[in-house]
Amino acid sequence: MEKTAIKLPPNFESYDQARQAGFLRMKELKEKGARVVGSFCTFIPLELVYAAGALPVGLCAFTEEPIPAAETNLPRNLCPLIKASYGFALTDTCPYFYFSDLVVGETTCDGKKKMFELLNEIKETYVMQLPFRRTEQDVAFWREEIIAFQKKLESVFGVTITEDDIRKAIHLKNHERQVMLRYLELGKLDPAPLSGYEMGTRVDAGSFSFDLEQRCAAVEQRTEEILADWEANYKGKSSERPRLLVTGCPNAGVREKIIRTVEELGADVVAIDTCSGVREKIELVDENDPDVYHALAKKYLNINCSVMSPNESRREYMSKMIDEYHVDGVIEIVLQSCHTFDVEAYYIKKMVTEEKGLPYLNIETDYSQADKGQINTRLAAFLETIDK
Ligand code: SF4
Ligand code: SF4
């Protein structure tokens, strides 16, 4: 098969285009009275936001423009995601932050939780205290935090959230998880039916459509299109392109310079283990649990982000992914100064190289383009080490 990267569909929107297009949609929704909750992390139980009749919007930032402003108050030696997110708020240049009636954070990594204290000076920031283990005691504590968050939503929006509202929202979000997972699991097909660049962008950019059902329908339609194309044109053929798994920090801010580049160099990114990739979608909220808060607490604490300690479940799941997606090599992306992923990389590398016998590349980077050339060279050299 040819070495060129898999083509993007004609109507493909980049992450930045989708984010921009969402500004107008959000403005119109606000004018019609929409309630908006801005959040930063996958651990926030968005089911409660939907149950409050509000719209969630992600405030994690993936661009370098607001970073110099952020560095006037934050140390330079901090993860670019944290600096960019704060910088947008400080410079009042993120319409989603501006339109948020409530901003909610969570105590994940140290940098983020301390940044929320500064953010609170700009706009009230409600912080959920996330435990970092998964014992019954932690589940009970997180359950209480979820109930407290519900009370906060009720008081901000002057609404009463019933158990029935929460159950409906759980059902809706579970459906979304299944739709997204089915799309992401297209990467298991061999040869790869779509690019990892498209996969990651579509999942991240989907959050700017604000209509969950519409978002699911669009992804389902794309999944069917890809499947039909694969059956007709690729099934049964072999590909020389190495199949890669990308893991680590949220990568939307470096997707162009790493994922797009490695695909242009001749590989296919078939599996994405990040919090917007499969990591949050592999486990549903148990709809049969008589205690909805317990069901939410259990599901969210099981997200295997590196802020949890210990976090063996990430390696266990990745090991399964490597087999199921027929992975030939792993790239770990660590955003500069992200200590939790950086330290956990020790175990990931060990699992990939020793247990699986596969090549592993760790790229520590930020949102600037300064290391683009160097990354290019490292990616090309990495692909040379893959036996395909
Ligand atoms: S990587 Fe972890 S801490 Fe960071 S946004 Fe994702 S889930 Fe939250
Ligand atoms: S990438 Fe790492 S340092 Fe940055 S916000 Fe997420 S967990 Fe924190």
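Structural notes, computed from the coordinates. Keep in mind that what you see is a predicted model, and the values were worked out from it rather than measured.

1. Some points on the overall build of the chain
Phase 1: Helix and strand counts for the chain come out as 15 helices and eight strands.
Phase 2: The principal-axis extent of the C-alpha atoms belonging to the chain is close to 60 × 45 × 45 Å.
Phase 3: When each of the 388 residues of the chain is scored for burial, the buried share is 47%.

2. A word on the sheet that holds strand β7 (residues 329–335)
Phase 1: Here we have four strands laid out as an open sheet, ordered β6-β5-β7-β8, and parallel in their pairing. Of all strands in the sheet, those with a lone pairing partner are β6 (268–273) and β8 (360–365), marking the two edges. Between one strand axis and the next, the sheet turns through 25° on average, direction left out of account.
Phase 2: When strand β5 (residues 243–248) meets β7, the two strands line up parallel, connected through five bridges. By the bridge assignment, G248 is partnered in β7 with I333.
Phase 3: Strands β5, β7 and β8 of the sheet are contacted by helix α14 (residues 339–355), whose axis makes an angle of about 175° with β7.

3. Examining the site of ligand 2
Phase 1: Near ligand 2 there are 14 residues, and of these C79, L81, C109, C249 and C338 occur at the shortest range.
Phase 2: Of all the secondary structure elements, the ones that give two or more residues to the shell around ligand 2 are α4 (80–90), α6 (110–122) and α14.
Phase 3: A breakdown of the residues in the shell around ligand 2 according to their chemical character gives ten nonpolar, three polar and one charged.

4. Side note on the sheet that holds strand β2 (residues 54–58)
Phase 1: Spatial strand order, β2-β1-β3-β4: four strands in an open sheet with parallel pairing. This sheet does not close on itself; its edge strands, each paired only once, are β2 and β4 (125–128). When the angles between neighbouring strand axes are averaged without regard to direction, this sheet yields 30°.
Phase 2: On top of the sheet, helix α7 (residues 136–157) reaches β1 (35–39), β2, β3 (102–106) and β4; it is set at about 160° to β4, its chief contact.

5. A word on the pairing of β4
Two faces, one strand: in a regular strand the side chains alternate between the faces of the sheet.
Phase 1: In this sheet, β4 lies alongside β3 in parallel orientation, the contact comprising four bridges. Along β4, the bridge assignment pairs V104 with Y126.
Phase 2: The handedness of the β3 to β4 crossover, carried by α6, is right-handed.

6. A word on the nonpolar core
Phase 1: In terms of nonpolar packing, the biggest core is built from 115 residues, with L48, L244 and L245 touching the most fellow members.
Phase 2: Residues in contact with L48, not counting those within four places in the same chain, are I146, F149, Q150, L153, I161 and I166.

7. Section: unusual backbone geometry
Phase 1: Between D190 and P191 the backbone carries a cis peptide bond, its omega angle lying at 0°.
Phase 2: Assignment of secondary structure puts P191 in the loop between α8 (163–184) and α9 (196–205).
Phase 3: Here the amide bond leading from S309 into P310 is cis, since omega sits at -5°, within 30 degrees of zero.
Phase 4: Structurally, the position occupied by P310 is in the loop between α12 (292–301) and α13 (312–324).
Phase 5: Positive phi, close to 65°, is recorded for F210, a residue that is not glycine.
Phase 6: By the secondary structure assignment, F210 is in the loop between α9 and α10 (212–233).

8. Digging into the environment of L379
Phase 1: Relative to the helices and strands, L379 resides in helix α15 (residues 372–384).
Phase 2: For the pair formed by L379 and Y300, sequence separation is 79 residues and the distance between their alpha carbons is 34 Å.

9. Digging into α7
Phase 1: Over its 22 residues, α7 runs 32 Å from end to end, which matches the ideal 32 Å to within 8%, given 1.5 Å per residue.
Phase 2: Along α7, the residues that are buried comprise W142, R143, E145, I146, F149, Q150 and L153. One face of α7 carries all of its buried residues, which in axial projection span an arc of 165°. Exposed residues pointing more than 90 degrees away from the buried face of α7 are listed as Q137, E144, K151 and S155.
Phase 3: Positive phi appears at G158, one or two residues downstream of α7, with a value of about 60°.

Criteria and thresholds
Residues numbered from 1 in each chain as written. Chains lettered and ligands numbered in written order. Predicted model: local features only at pLDDT ≥ 70, side-chain atom pairs only at ≥ 80, totals over all residues. Helix = DSSP H or I, 4+ residues; strand = E, 2+ residues; numbered from the N terminus. Buried ≥ 20, exposed ≤ 12 C-beta atoms within 10 Å, placed from the backbone. Pairing = 2+ DSSP bridges. Axes fitted to C-alpha atoms, helices over the stretch in contact; angles between N-to-C directions. Contact = placed C-beta atoms within 7 Å. Near = placed C-beta within 6 Å. Nonpolar A, V, L, I, M, F, W, Y, C, P; charged D, E, K, R; others polar. Right-handed = clockwise from strand over helix to strand, strands pointing away. Core = buried A, V, L, I, M, F, W, Y, C linked by C-beta atoms within 7 Å. Expected span 1.5 Å × (residues − 1). Arc of directions from axis to C-beta.

Any functional reading would require information beyond the geometric quantities listed.
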